[in-house]
Amino acid sequence: MSGDIYLDHAATSWPKPPAVLEAIASFLEHAGGNVGRAGHHRSIESSRMVSLARESVTELLGGETPDDVIFTKNATEGLNLAILGFAVDGGRIVTTSLEHNSVMRPLRYLEQSGRCALDVVHADGNTGEIDLEEWTARVGAPGTCLAVAVHASNVTGILLPVEQLGAIAAEHGVPFVVDASQTGGHMPLSLPALGASAVAMPGHKGLLGPTGTGVLYLAEGVVLEPLIRGGTGSQSESEYQPDFAPDKYESGTLNSMGVVGLGAAAEHLRTVGVDHVQAHLTELGRRFRDGLADVDGVVLYGPDDPARSVGISSVNVEGVPCATASRVLDDEWGLMTRAGLHCSPAAHRSLGTAPEGTIRFSWGEDTPEASIDVAVEALRTIAERARSTEQVGTFA
Amino acid sequence: MKWGGVVSFFASEHAMRAERTLQRAELPARLVPGPREVSPNCGVAVAFVWNDEPKVEQALAAAKIRFEAIHRYDLDDETGTVGTVRRESVA
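Residues numbered from 1 in each chain as written. Chains lettered and ligands numbered in written order. Predicted model: local features only at pLDDT ≥ 70, side-chain atom pairs only at ≥ 80, totals over all residues.

1. A look at the overall build of chain A
Along chain A, the regular secondary structure elements total 11 helices and 13 strands. In chain A, the proportion of contacts linking residues at least 24 apart, taken out of those at least 6 apart, comes to 71%. (Helix = DSSP H or I, 4+ residues; strand = E, 2+ residues; numbered from the N terminus. Contact = placed C-beta atoms within 7 Å.)

This is the structure we're talking about:
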């Protein structure tokens, strides 16, 4: 291995800003009590730090009040809460063919258990095009109780027109849930402007917080059933779940140090500017695509214009299984990517890359241009080997 | 510091936000253990100077912070003593 080049930001970002590590260490040293559970100074200091983190995340994402922001352990938890909360027995749910399993599995569960019918509207994984007439017809059909769409595909990074999809849902009075797993922190977001009833995202990808953190935004007036019930530190005399946010949705001890780290990450992003992050991701995307334009034997997926993606590109090398290529990239260049179906079999079926999948390259806020250049040269080398009699790679 | 009132809350998150909001508005405020005789709901309350009461109420409303009630409550930081709770919730 010749390097340590991390291009798997779509799975989780690395490294985290130093401020995140410092905030977590500071929390454990100077606070460390349980949030909202006591009046002693360590509990109060913990509560202060978590509350500040909620404020930072709210301001980064354009929320109206910190009560709009629920902390979850990941995007999946937020999506499950929203999907199961909006689903109506006997109703119909509409979604797209580019969804991750964090959306598809709860939806298929509802379908399989006979609770809801499911309509999947085809969306193009390369262009992001989706048949708006079909979306309108399905969303407007009698009995539709929910519409769900991914903001950007985790396979190709292509952005979907979620504002349009949400506007159509709103016209029909149908709640709309957005999976913003790949866009949070990677493009400027004002969550109320998305027109969604709920938006879920992880804290540990573009938002640069630690794993074990996630954010669920609920639009003003949205009240759902919680996923779990239990102690919240509030209304201790009652054996019934509080009816107010955030406590209603945050039962059990919070991942306080993770949340505090996420708050520090949000402050970091506010200082850097998410618009600058987006511009950097786009520039790297252009460099990646331009670098591979004259390489024979490398197939690129996703939009031609990287500005329509969010720092993700999927490729295949002709004649080389993606898992093999990904392993050679790591073994020889220290280049970390993710191969396979990326928990999105529907998206790969849409792209025509199922069941093998693709090699996904995904970069982040601090990825240097040199890392992209290494990736391009490594793919060129693997493609040349595949066309010759040379062995594609030797495995450690 | 002698405080003349406390705000009680349903959720500690709201108490934290209230303390921050009042301090940013340059209104003296401090988190205190939630007096049991005031409210059993949340472990902490926010103490403030009673003369500021209208401004406190206004600042909390502007920041959309949900609170349970505002109470007359005597608390002396220097002596650490708590005076009588005058059960006069104003909100």
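Picking up where we left off.
2. Things to note about helix α2 (residues 41-61) of chain A
Residue and element names in this part refer to chain A. For α2, built from 21 residues, the straight-helix expectation of 30 Å at 1.5 Å per residue is met to within 8% by its first-to-last C-alpha distance of 30 Å. Judged by how many residues are buried, α2 sits mostly within the fold: 17 of 21 residues are covered. Just downstream of α2 lies G62, where phi reads positive at about 75°. (Expected span 1.5 Å × (residues − 1). Buried ≥ 20, exposed ≤ 12 C-beta atoms within 10 Å, placed from the backbone.)

3. What about the interface of chain A and chain B?
Interface size is commonly expressed as the accessible surface area that is lost when the partners come together. At the junction of the two partners, chain A supplies 21 residues and chain B supplies 16 residues. Across the side of chain A that touches chain B, the residue classes break down as seven nonpolar, nine polar and five charged. (Nonpolar A, V, L, I, M, F, W, Y, C, P; charged D, E, K, R; others polar.)

4. A look at the packing of helix α1 (residues 18-30) of chain A against helix α7 (residues 256-272) of chain A
Residues and elements named next belong to chain A. As a packed pair, α1 and α7 sit with axes 8 Å apart at the nearest point and diverge in direction by 145°. The crossing of α1 and α7 is right-handed. The residues of α7 that touch α1, namely those facing A19, V20, A23, I24, F27 and L28, are S256, M257, V260, G261, G263, A264, A265, E267 and H268. Of the residues in the contact of α1 with α7, the class split is 10 nonpolar, four polar and one charged. (Axes fitted to C-alpha atoms, helices over the stretch in contact; angles between N-to-C directions. Left-handed = near helix turned anticlockwise from the far one by under 90°.)

5. With respect to the sheet that holds strand β12 (residues 338-340) of chain A
The pairing of strands in a sheet happens through backbone hydrogen bonds and is either parallel or antiparallel. Residue and element names in this part refer to chain A. With antiparallel pairing, four strands are arranged side by side in an open sheet as β9-β10-β13-β12. If you trace the sheet from one side to the other, it starts and ends with β9 (298-301) and β12, each paired once. For this sheet the average axis-to-axis angle between neighbouring strands, irrespective of direction, equals 30°. (Pairing = 2+ DSSP bridges.)

6. Comments concerning the pairing of strand β6 (residues 176-179) of chain A
All names here are of chain A. With burial as the criterion, each face of β6 is covered, one bearing F176 and V178 and the other bearing V177 and D179. Note that strand β5 (residues 144-150) and β6 share four bridges and pair parallel. Paired with V150 across the two strands is D179, which belongs to β6. With respect to chirality, the unit in which β5 leads through helix α6 (residues 162-171) into the neighbouring parallel β6 is right-handed. Pairing geometry for β6 and strand β7 (residues 198-202), over three bridges, is parallel. (Right-handed = clockwise from strand over helix to strand, strands pointing away.)

7. Description of unusual backbone geometry
All names here are of chain A. For the bond from W14 to P15, the omega torsion is -5°, close enough to zero to count as cis. Take P15: it is sitting in the loop between β1 (5-6) and α1. In the segment running from A245 into P246, the intervening peptide bond is cis, with an omega of 0°. Note on placement: P246 falls in the loop between β8 (214-218) and α7. With a phi close to 55°, H342 is a non-glycine residue in the positive phi region. Within the secondary structure layout, H342 lies in the loop between β12 and α10 (345-351).

8. As for the nonpolar core
Ranked by internal contacts, the top residues of the largest apolar core, which has 118 residues, are A:A82, A:A147, A:V177, A:V199 and A:V260. With eight residues, the single largest contributor to this core is α7(A). Once residues within four sequence positions are removed from consideration, A:A147 is found in contact with A:V94, A:V139, A:L165, A:A169, A:V174 and A:F176. Grouped together as the second largest cluster of nonpolar side chains are 27 residues, B:M16, B:L31, B:V44 and B:L75 included. (Core = buried A, V, L, I, M, F, W, Y, C linked by C-beta atoms within 7 Å.)

9. Considering the packing of helix α5 (residues 132-140) of chain A against α6(A)
Residue and element names in this part refer to chain A. Packing of α5 against α6 leaves a shortest axis separation of 9 Å and a crossing angle of 30°. Considering how the two elements wind past one another, α5 and α6 form a crossing that is right-handed. On the side of α5, the interface is formed by L132, W135, T136 and V139, while α6 contributes Q164, L165, I168 and A169. Considering only residue class, the contact of α5 with α6 consists of six nonpolar, two polar and no charged.

10. With respect to the environment of A:V50
Residue and element names in this part refer to chain A. By the element assignment, V50 lies in helix α2. In this structure V50 comes out as buried when scored by C-beta crowding, with 29 C-beta atoms within 10 Å. Taking the C-alpha atoms as reference points, V50 and L254, 204 residues apart in sequence, are found 9.3 Å from one another.

11. Some words on the environment of A:H40
Inspection of the secondary structure puts A:H40 in the loop between α1 and α2. Once the C-alpha coordinates of A:H40 and A:R349 are considered, the two residues, 309 residues apart in sequence, prove to be 55 Å apart.

12. Some thoughts on the sheet that holds β8(A)
Residues and elements named next belong to chain A. Taken in spatial order, the seven strands of this open sheet run β2-β8-β7-β6-β5-β3-β4, and their pairing is mixed. With partners counted over all chains shown, the strands left at the sheet margins are β2 (69-72) and β4 (116-121), one partner each. Here the average twist between neighbouring strands, direction ignored, is 20°. Pairing of strand β3 (residues 91-96) with β5, which is carried by three bridges, proceeds in the parallel orientation. Paired with I93 across the bridge in β5 is L146.

13. Remarks on the environment of B:H14
Tracing the sequence through the fold places B:H14 in helix α1 (residues 12-24). Once residues lying within four places of it in the same chain are set aside, the contact partners of B:H14 are B:F9, B:I65, B:R66 and B:F67.

14. Considerations on the pairing of β8(A)
On a regular strand, each side chain points to the face opposite its neighbour's, so the side chains alternate between the two faces of the sheet. All names here are of chain A. Counting buried positions along β8 yields five of five residues, so the element is predominantly enclosed. Neither face of β8 is exposed, since G214, L216 and L218 on one face and V215 and Y217 on the opposite face are all buried. Where β2 and β8 come together, four bridges link them in antiparallel fashion. In the strand pairing of β8, V69 is matched with Y217. Pairing between β7 and β8: five bridges, direction antiparallel.

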